[in-house]
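Chain by chain, the residues run as shown.
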Amino acid sequence: MSAITITQAAEDYLAELLSKQDTPGIGIRVFITQPGTPYAETCIAYCKPGEQKPEDTAVGLASFTAWIDGVSEPFLEDAVVDYATDRMGGQLTIKAPNAKVPMVNEDSPLNERINYYLQTEINPGLASHGGQVTLIDVVEEGIAVLQFGGGCQGCGQADYTLKEGIEKTLLERIPELKGVRDVTDHSNRENAYY
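Residues numbered from 1 in each chain as written. Predicted model: local features only at pLDDT ≥ 70, side-chain atom pairs only at ≥ 80, totals over all residues. Heavy atoms only, no water.

Asker: Just checking my understanding: could you explain helix α1 (residues 8-19) for this structure?
Answerer: Because an α-helix packs 3.6 residues into every turn, residues spaced three or four apart end up facing the same way. For α1, spanning 12 residues, the distance from its first C-alpha to its last is 16 Å, which sits close to the expected 16 Å at 1.5 Å a residue. Considered for burial, the residues of α1 that qualify are Ala10, Glu11, Leu14, Ala15 and Leu18. Taken end-on, α1 shows its buried residues confined to a sector of 130 degrees, consistent with a single buried face. Tucked inside the fold, the buried residues of α1 contact β1 (5-6), β2 (27-33), β3 (41-47), β6 (80-86) and β7 (89-95). (Helix = DSSP H or I, 4+ residues; strand = E, 2+ residues; numbered from the N terminus. Expected span 1.5 Å × (residues − 1). Buried < 20%, exposed > 50% of the residue type's maximum accessible area, 1.4 Å probe, protein only. Arc of directions from axis to C-beta. Contact = heavy atoms within 4.5 Å.)

Asker: So what exactly am I meant to see when it comes to the sheet that holds strand β8 (residues 131-139) here?
Answerer: Strand pairing in a sheet relies on backbone hydrogen bonds, with the paired strands running either antiparallel or parallel. Spatially, the 3 strands line up as an open sheet ordered β8-β9-β10, and their pairing is mixed. Looking at the sheet topology across the chains shown, the edges are occupied by β8 and β10 (179-182). Going from strand to strand, the sheet's axes swing by 35 degrees on average, the running direction of each strand aside. Note: β8 against strand β9 (residues 143-150), 8 bridges, orientation antiparallel. What sits directly across from Gln132, in β9, is Gly149. Across the sheet, helix α2 (residues 110-127) is in contact with β8 and β9; its angle to β8 comes to roughly 160 degrees. (Pairing = 2+ DSSP bridges. Axes fitted to C-alpha atoms, helices over the stretch in contact; angles between N-to-C directions.)

Asker: How do you make sense of the pattern of salt bridges when you look at a structure like this?
Answerer: Pairing between side chains becomes possible if they bear opposite charge and their charged atoms approach one another. With the rule as written, the count across this model stands at 6 salt bridges. Here Asp56 and Arg29 are joined by a salt bridge, their closest N and O atoms 2.6 Å apart. On the criterion of sequence distance, the pair formed by Asp56 in the loop between β3 and β4 (57-60) and Arg29 in strand β2 is long-range, its members being 27 residues apart. Judged by its relative accessible area of 9%, Asp56 is buried. (Salt bridge = Lys/Arg side-chain N within 4 Å of Asp/Glu carboxyl O.)

Below you can see the structure in the form of structure tokens.
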């Protein structure tokens, strides 16, 4: 059983919307953008047959299938999709109390925690510049080796961003991390990756 509850009223409303789509087998897909961050948004989209992803969980409802995004699923714990009617008509509501709650904890492996904060806090900020950061490795007792991609590559501000933004954020979130280094940093010759 999935963590999400879709009330009968919501199911009836969605079934009616889906019936107007003129696509046999169409369902819905529930996902969260930027899960585990203050910016998390829970979304419901039409999902034509074949549009679901392999990691999605299928929830078979009476009149259609709801696909729950695999990445979002832990954040949809206790979520309720409801349809509330008032005199102005009705409105589909989604309450997802855990959408903004980080799913990593102190016991998660170091690389998982670094990746988590890169995905949820750091990359969304870099994305506005067309950039991103990826974790390559964790070396010598807690130095994260990161690779800049996209618009960050060759950017004159990349070093500043690495030290001021990324390192500060990661060190605040992950106390046992000792620092970060760009994968192309050759200041330490014996451990340079290139």
